[in-house]
Amino acid sequence: PESATNFSYALMAAVIIGTRLVHCFFYDPDRYLADPIQILYFWQGGLASHGAGIGLILTCFIYDYVWRKTPPIISMDRIAFSTVFAMICIRLGNFFNSEIVGAPCDPNSPIAFIFTRYDMVPRYPSQLFEAGMGIIAGCIMFGTYYIFRKRGKKMPLGMSTGLIITSYFSMRFFVEFFKEYQIVEDGVLQSSGLREGQVLSIPFIIAGLTLLAMSIWGPWKNKYAEMYTQKYQLKKVDPDAESTDDKAD
């Protein structure tokens, strides 16, 4: 339990640091390199969800591979199920805070929203699109888990993580067309018309597909998280037994 608690604190720190650094050095590097102290002002806004993914992956890798000496995917598989709910809640928060708004759209469209704290222009509710992405990704992952369980099998290592990463960021790539973001100012990328979020999604999609390949055909095919779980036997205490030891009580 103590190890799990410390790991949770590390994950929280990784999310904050990762989201902030990716935003600063990818979305607006000139501003933050000119005045690095502003990097610490994360409460003023400017967090990138891709940075959360990077932070979580690195933290799980260190926790599993470096500290516990186990395959570096076990903790990622375990937190994948809760990550779905985080994705949904974050985007609902963005929606109600008028953050990360969508691109302008036809004012007569039934899905047009006006975010009065941003401007008075009718826009796509891209935050709700991304909340829906979390729901779909969760259905895919939980559905796969249910199929394995119904067949009396266990999901191999890496499958949960691979499913959530591949499905979410594949959908994220297309939703970026409905968001208010500028095109990356970089030779090939600029000519291709890709946006920042799309550029950052491509490595995640490749990583997710790699994990699925390793899970289905590769070295993790016949390995499961339960194989690396140490079972703890808690000491049973008789509640009716009297003890003079305050510490024992």
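Just above sits the structure.
Everything in this summary refers to the structure shown in the same document. Since the structure is predicted, the reported quantities are computational estimates derived from the model, not experimental observations. (Residues numbered from 1 in each chain as written. Predicted model: local features only at pLDDT ≥ 70, side-chain atom pairs only at ≥ 80, totals over all residues. Heavy atoms only, no water.)

**Here's the deal with the overall build of the protein**
Scanning the protein from terminus to terminus reveals eight helices and two strands. Along its sequence from the N terminus, the protein presents helices and strands in the succession α-α-α-α-β-β-α-α-α-α. Here the protein holds 249 residues, and the buried ones make up 40% of them. Counted over contacts in the protein with a minimum sequence separation of 6, partners at least 24 positions apart contribute 60%. Surface exposure of the protein reaches about 15,400 Å², of which carbon and sulfur atoms provide 64%. (Helix = DSSP H or I, 4+ residues; strand = E, 2+ residues; numbered from the N terminus. Buried < 20%, exposed > 50% of the residue type's maximum accessible area, 1.4 Å probe, protein only. Contact = heavy atoms within 4.5 Å. Areas by Shrake-Rupley, 256 points an atom, 1.4 Å probe, with all protein chains shown as cover.)

**Observations concerning unusual backbone geometry**
With a phi close to 60°, K69 is a non-glycine residue in the positive phi region. By relative accessible area, which is 66% here, K69 ends up exposed. Despite not being glycine, I100 has its phi angle at roughly 50°, a positive value.

**Let's talk about helix α6 (residues 159-175)**
Helix length check: α6, at 17 residues, gives a terminal C-alpha distance of 24 Å against a target of 24 Å (1.5 Å per residue), a fit within 8%. Along α6, 15 of the 17 residues are buried, which leaves the element largely enclosed by surrounding structure. (Expected span 1.5 Å × (residues − 1).)

**Description of the side chain of S215**
Tracing the chain through its elements places S215 in helix α8 (residues 196-216). Overall, S215 belongs to the buried group, its relative accessible area being 1%. Discounting chain neighbours no more than four positions away, the residues touching S215 are P156, L157, G158, M159, W220 and K221.

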